[in-house]
Each structure stands twice: as structure tokens, then as C-alpha cells.
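# Survey of secondary and tertiary structure
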Amino acid sequence: MSIANIVVVGTGYWGKNLVRNFHELGYLYGLCDLNPAYAEALSKQYDVPVLEWADVLADHKVNAVVIATPAITHYKLAFEALMAGKHVFVEKPLSLNVADAEKLCALAKQRNLCLMVGHLLQYHPAFIKLKEMVKDGDLGRLQYIYSNRLSLGKIRREEDILWSFAPHDISMILGLIGSEPDSVHAEGAYYLHEKIADVTTTHMSFPGGQRAHIFVSWLHPFKDQKLVVIGDKAMAVFDDTQDWSEKLVIYPHVIEWREYLPLPNKGDVIKVALDTSEPLRNECDHFIQCLTNGLTPRTDGEEGVKVLKVLSRASASLKEKQTPTKPSPIKHDAVFVHESAYVDSDVKIGKGTKVWHYSHILGKTTLGENCVIGQNVMIGPEVKVGNNCKIQNNVSLYKGITLEDGVFCGPSCVFTNVNTPRAEIERKDEFLPTLVEKGCTIGANATIVCGNRLGAYSLIGAGAVITKDVPAHALMVGNPAKQIGWVSHAGEKLGKDLICPREGRRYEISAKNTLDEIADFKISAKE
């Protein structure tokens, strides 16, 4: 058995790159993803199986897992993998709090397992060379380091720009200076959302007198990924947006003191020759080498904890300085509305309903009783939601959508409201209504094209695309979605006997091809 049979968990935006590299290195064993559509496409491309997470943990042939899922899931997945005896490579950040990260380090050490964090730039040929030059004293005594990591997007809602962009820069700065900062403070700006910083500047000072700052933003007109290192003998610039011949440049500039005045003395620019290997390939290969030879990763769990400590201190500093920019949400009796959520004044909410983080309920919307509205949900205007509905994270319900009682909307499912949208053409009068009938379940990442009716107790599979009316109790999957069976009131797929395995209800298919419950059946003593 290979020393590194690797399963990549999370095959989306970044995970697909890890899949490619571990496949090309010859160690890809399988894929695992909440969204089967992502994993299935890569499964066919690289001829490896798609596995359930429980099966990954139970499979003794799987030596290691590579976790490229949303940051909020990192701790749970890494903990379960280590408990199952798997080596773990987890993308940054290691977790969302220091205590959890320290638990992972302790568990990995206790079980003699490798725990590596994906601080990618530590494996970039330019940074490796720069670190060697600093160690050899080519720049002299380090005085000041600053980094810019700027672009337009990728904008997130589960974490702010500090946690999304800054970990790589913190990792590099700590690696160059060789110690943790004794002072950290940060300032931020909130343009797109009052609780999620879009721009931050983090300042650090170190015991040896060095200082550093990190400027990150996803509201910048062009990409700028630059690390500037100032020493008393020379200055270096690592600019990852440049061609390989100019990614690492040395400026042999010094400051001389003449008659008590500091004067710059400039030297000729030196372009440093580099190996042009792919940083991600280097990182993946390093993980394999650590497993093969029992080495400690360059960016191990302990290094990940140090980065998290700086992130946590910077984040705490941001919260101390943040001031409210909007009025408090409208209060409703016998309901829960999180302090970060916003509910317009003319909204009606039934008792027992909960509205969670960063959600917005727009005007003239009605929410029934005992509903759960997850994080980052937008509802309205003029939307009606029945009783006992559950709307998971990152769902938007637009005008024209009606949910009857007991509807479940899975994470990031999508509703449209116009069939032929154009950014520059106003088409609000062309919104088509969508009715989701009682007890319907809509899976994660499913898309509901407007103008259609989802029948009572139907079940829409994850990732399905609904382009036509759905019969009651129908089980729909695929793009475009097709019916592959029937489900009971309890959401159980029915077999040929049309008996619900959970509740024992019996059904029959009518002449009109509808599923009807046999309401008056009785189970005999013989049965």
C-alpha cells in the first residue's frame, strides 16, 4: 500500500487544484464533496472514486486527507480525520480559533500523525530564496516588512478579508522575522456589510525592533500581491504578479547619515534568478515527502497556531474599534432576531421564529410561526413564508416567491425571478411567481427557475435545476431535473410496494400518475 493514499475533501474553487496536483504526483486515491456535481466531474477526469466522508474515515487504505472546505468546517473535519488515524493537510486557516487549533496539534502529536497547513507562499520559489537571503544576512538587519494583497473579489460572507487574505502574509512575515509579535493592532473598513470588513490594515511590532504591516482588500481595481522587506544593507520586493524574471528583485539601497541627516544611497537593481516550479505542486510534494520520510512540515500545525494567534489579536482589535453604522433592528415579541440581522419595520414575524446572523428581511414580508432563518439569508420584499419552515444559510427569496408550511430550503439553493435578465434593462414587471407547496424539501445548491410550482412533499435533490412544475411527492434530480421516483410525507424514497419505511403510510399511483395516500388502510394481525 502506498504511504500516501490521499483523499481530497472539497473539490470546488481551490480544491480542484489540489486534486490535479495530487493526481499528477500519483497519490490521489479518491474525492469527497458535499456537492456531488463537483466531485463527479473530477472523478471522471482523474478516474478516482467519489467517497462519503464516513467511508473515508473508515477506509484503512486512506492514509491522508487534504481538506479544502470552507474555513468553518476545518476543525471538525481535521479532528475527525486525526481521530481516525489519518494524516491531515488542511487549507488555511487551520481553524477559526486558537484553542481548537491547539487541540488539533496536541491530537496529531499524541497519535504521531502529520498535521500540515496550506500556507502556500512558504513553498513559492521566490519566498524560499528570499528567506535564504535574509538568513544569510544579504539584506542586513531587518527593519520593516510590509505586504499588499489586493484584488477585486473573491468576496466572502463566512469570513472577512482579514481571515480570507491575510494568513499567507502573516505566515511569511513570521517566517522571515523568526518570532511572534509583541504588539498587534488592526483597522478596517466596512463598505459592503457592516459586520464583515472589506479592507483591513494590520500593524505589528516585534521584540527585535522590527515592524510590519499588512494591507488586504477585495475592493481593489487590480491585483496587487507584493511583499517588501527592508534591511539596513538592502531591500527586497517579492511581487507575485510579475513574470518569473522579476518576481524577486533586490534593491541594494541603504540609508547613510551625513551631518546628522539620513540620506538615501541607491544601488543598481538586481533581478534574482528563480526556479519556475509551481508553488502548489511544491506544497503538495512537500506533504508527500513528510509522510514518506517522517518529516515535520515546514508549515505544520504549530506554525498554523502562530498565524492564528496574530489573526485573532488583529480581529479582536478590529472589533474594539468598530462602531455601529446602522440603527438597531426592529424588535418583535416572542421571536429571536440576531443583533447582526436586519428586519424592516413593516415585516410580520410569527412567534417562535428565529432570524440568525447577517440576514435581512425586507418590507411587507410575512414569516410564519416557528421558522428558522439561517445565516446570510435575504427574504423580500412582499414574500410570504408559512409556519415551521427552515431556510438554511445563503438563500435569497425574492418577490413573487411563496413558501407554504413546512418547507425546507437547503444551503445556497437558488430561486430566480425573471427568465431573461439584463443588467441594464428594468424587468420588475416580468417577475414570475414561484409556489413551493407544503412540506417540500429543496436540497443544497439546487436552482429553482421562476414560474414553476413545486408540489407538496416533493424532494428536490442537491444541485438539481428545476425548469418545470414538480408533481406532489416527486423525487427530482439532475440538470435539468427529472423525476426518478416518489417520496413519502416523511421524505423517505418509496420502493415498489409504495409503503413509507419510516411511518408505514401506504400510497398508490392514480390513473393521472399522481401519488395518493391510502388514507383508510389498516394493518391486519397477519401482517
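Notes on the structure follow.

Quick notes on the rules
Within any chain, residue numbers begin from 1 and follow the written order of that chain's sequence. A pLDDT threshold of at least 70 governs which residues receive local features in this predicted model, and a stricter bar of 80 or more applies before side-chain atom pairs are shown or counted, although totals over entire chains, interfaces and linings include all residues. Where side-chain values are given, they derive from all heavy atoms of the structure, hydrogens and water being excluded. By definition, any uninterrupted DSSP run of H or I lasting at least four residues is a helix, any uninterrupted run of E lasting at least two residues is a strand, and each is numbered from the N terminus. Partly exposed describes any residue whose relative accessible area lies between the buried limit of under 20% and the exposed limit of over 50%, with all areas from a 1.4 Å probe on protein chains only and scaled to the type maximum. Residue contacts follow a heavy-atom distance rule, with two residues in contact if any of their heavy atoms lie within 4.5 Å. Each accessible area is a Shrake-Rupley estimate made with a 1.4 Å probe; only the visible protein chains count as cover when residues are assessed. When charges are counted, Lys and Arg contribute as positive and Asp and Glu as negative, whereas His and the chain ends are disregarded. A charge is said to be at NZ when it belongs to Lys, at CZ for Arg, at CG for Asp and at CD for Glu. The definition of a polar contact used here is a pair of N or O atoms within 3.5 Å, where within protein one atom must be able to donate a hydrogen and the other to accept one, and adjacent residues in sequence count solely through side-chain atom pairs. Here, a strand pair is defined by DSSP locating no fewer than two bridges between the strands. When the strands point away from the viewer, a crossover counts as right-handed if the route from the first strand across the helix to the second turns clockwise. Angles run from 0 to 180 degrees between N-to-C directions of axes, and those axes are lines fitted to C-alpha atoms, restricted for helices to the stretch in contact. Remark: nonpolar core denotes a set of buried residues (Ala, Val, Leu, Ile, Met, Phe, Trp, Tyr, Cys) joined through side-chain atoms within 4.5 Å.

Counting its regular elements, the chain contains 9 helices and 39 strands. Oriented by its inertia axes, the alpha-carbon framework of the chain measures out at about 100 × 60 × 40 Å. A burial count over the chain gives 48% of its 527 residues as buried. Counting contacts in the chain only where the partners sit at least 6 residues apart, residues at least 24 apart contribute 45% of the total. Here the chain displays about 26,100 Å² of accessible surface, and carbon together with sulfur accounts for 51% of that area. Between the averaged position of the 58 positive side-chain charges in the chain and that of its 62 negative side-chain charges there is a distance of 2 Å.

The subject of this paragraph is the side chain of Ser 340. Of note, Ser 340 is situated in the loop between strand E16 (336-337) and strand E17 (342-343). In terms of polar contacts, Ser 340 uses its side chain to reach the side chain of His 338, at 2.8 Å. There is a polar contact of 2.9 Å between the side chain of Ser 340 and the backbone nitrogen of Tyr 358. Excluding residues that lie within four positions of it along the chain, Ser 340 makes contacts with Lys 195, His 357 and Tyr 358.

Judged by how many residues are buried, strand E4 (residues 87-91) sits mostly within the fold: 5 of 5 residues are covered. Residues of E4 alternate between two faces, with His 87, Phe 89 and Glu 91 on one and Val 88 and Val 90 on the opposite face, all of them buried. Strand direction decides the pairing type here: strand E3 (residues 64-67) and E4, joined by 4 bridges, are parallel. If you follow Val 65 over to E4, its bridge partner there is Val 88. Between the parallel pair E3 and E4, the chain is carried across by helix H4 (residues 74-83), and the sense of this crossover is right-handed. As judged from the 4 bridges shared by E4 and strand E5 (residues 115-118), these two strands associate in the parallel manner. Pairing of Phe 89 across the sheet is with Met 116, part of E5.

The next thing to look at is the environment of Ile 145. Its location among the elements puts Ile 145 in strand E6 (residues 142-152). Spatially, the C-alpha atoms of Ile 145 and Ile 214 are 8.6 Å apart, while their sequence positions differ by 69 residues. Excluding anything up to four places from it in sequence, Ile 145 contacts Ile 173, Leu 176, Ile 177, Arg 211, Ala 212, His 213, Leu 227, Val 228 and Val 229.

Here Leu 367 is to be found in strand E21 (residues 366-367). Spatially, the C-alpha atom of Leu 367 lies 30 Å from that of Thr 73, the residues being 294 residues apart in sequence. Residue contacts for Leu 367: discarding those within four places in its chain leaves Lys 348, Ile 349, Gly 350, Thr 353, Val 355, Ile 361, Ile 373, Ile 379 and Val 385.

With respect to topology, 8 strands assemble into an open sheet ordered E7-E8-E9-E6-E10-E11-E12-E15, the strand pairing being mixed. Whereas interior strands pair on both sides, the edge strands pair on one side only; in this sheet they are strand E7 (183-189) and strand E15 (270-271). Contacts from helix H6 (residues 125-135) reach E6, strand E10 (219-231), strand E11 (235-239) and strand E12 (248-251), with the element oriented near 30 degrees to E12.

Counting residues in hydrophobic clusters, the biggest one holds 71 residues, and the most contacted among them are Leu 130 and Leu 227. Considering every element that reaches this core, the biggest residue donor is helix H7 (residues 161-177), with 11 residues. With residues near it in sequence (within four places) discarded, Leu 130 still touches Leu 139, Leu 176, Leu 227, Val 229, Ala 236, Phe 238 and Leu 248. Of all hydrophobic cores here, the second largest spans 38 residues; its members include Val 385, Ile 391, Cys 413 and Ile 448.

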